[in-house]
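Now for the letters of each chain:
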Amino acid sequence: MNKINYPLGHLADEINRLESQADLFDDPLLAEFALVSKDCLEIGAGVGSTWRRLQKINPGLCYTGIDCSSEAVMKARSLHANTNVNFEIMDATHLSFNDHSFDLVVSKLVLWSIGRDWPKAIEES
Ligand SMILES: C[S@@+](CC[C@H](N)C(=O)[O-])C[C@H]1O[C@@H](n2cnc3c(N)ncnc32)[C@H](O)[C@@H]1O
């Protein structure tokens, strides 16, 4: 798949930047939803920096992160290998999950990089 190569790459500096960004963009509303959710899907999960925050809020949350970049997914899997998560290579505009598989769907800083197809990603969500 890998339709888009994430332009900033996934070297250590960029991973650290994404993690700091996740801290800066911490969202109290997301924390409230995460606390009462069971199954969460993140669209465009990158290297999993949102999951790092979500698991602190709700360690029992079943989380699946999808990203079209195989490089990002491989990195996310290696960074979070010891946690109960699932990172998959998938295009946000063609999700392969059954409807109602998740009670929380999260996406952050992704629509801009999907481009013209962004409404399809919203529809899939
Ligand atoms: C700026 S990064 C944000 C990553 C993460 N949400 C975060 O906040 O750290 C945008 C991510 O969207 C992913 N992406 C872009 N188009 C996508 C698509 N059509 N389907 C799935 N992921 C996509 C990119 O590969 C990249 O990992």
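Remember, predicted model here, so these are calculated numbers, not experimental data.

The strands making up a sheet associate through hydrogen bonds between their backbones, and the pairing can be parallel or antiparallel. The four strands lie next to each other as 3-2-1-4, forming an open sheet whose pairing is parallel. Two strands lie at the open edges of the sheet, namely strand 3 (85-89) and strand 4 (104-107), each paired on one side alone. Between one strand and the next, the sheet's axes are offset by a mean angle of 20 degrees, whatever the strand orientation. Its contacts with the sheet put helix 3 (residues 49-57) on strand 1 (39-43), strand 2 (62-67), strand 3 and strand 4, and the angle it makes with strand 1 is roughly 160 degrees. Along the sheet face, helix 4 (residues 70-79) touches strand 2 and strand 3 and points at about 165 degrees away from the line of strand 3.

Attention now moves to the nonpolar core. In this structure, Cys40, Leu54, Tyr63, Phe87 and Leu104 are the most contacted members of the largest nonpolar core, which totals 13 residues. When residues of this core are traced back to their parent elements, those giving at least two are helix 2 (28-35), helix 3, helix 4 and strand 4. Not counting the four nearest positions on each side in its chain, Leu104 is found in contact with Leu30, Phe33, Ala34, Ser37, Asp39, Cys40 and Leu41. If you look at the next biggest cluster of nonpolar residues, it comprises nine residues, including Leu41, Ile43, Ala92 and Ile114.

This part is about the environment of Asn16. For Asn16, the position within the fold is in helix 1 (residues 12-24). Remark: the alpha-carbon pair of Asn16 and Ser49, spanning 33 residues in sequence, is separated by 9.2 Å.

In this structure, His100 takes a positive phi of about 65 degrees despite not being glycine. By secondary structure assignment, the location of His100 is in the loop between strand 3 and strand 4. A positive phi angle, close to 60 degrees, is found at Leu109, a residue other than glycine. On the accessibility criterion, Leu109 (42% relative accessible area) is partly exposed.

Conventions adopted
- Residues numbered from 1 in each chain as written.
- Predicted model: local features only at pLDDT ≥ 70, side-chain atom pairs only at ≥ 80, totals over all residues.
- Heavy atoms only, no water.
- Pairing = 2+ DSSP bridges.
- Helix = DSSP H or I, 4+ residues; strand = E, 2+ residues; numbered from the N terminus.
- Axes fitted to C-alpha atoms, helices over the stretch in contact; angles between N-to-C directions.
- Contact = heavy atoms within 4.5 Å.
- Core = buried A, V, L, I, M, F, W, Y, C linked by side-chain atoms within 4.5 Å.
- Buried < 20%, exposed > 50% of the residue type's maximum accessible area, 1.4 Å probe, protein only.

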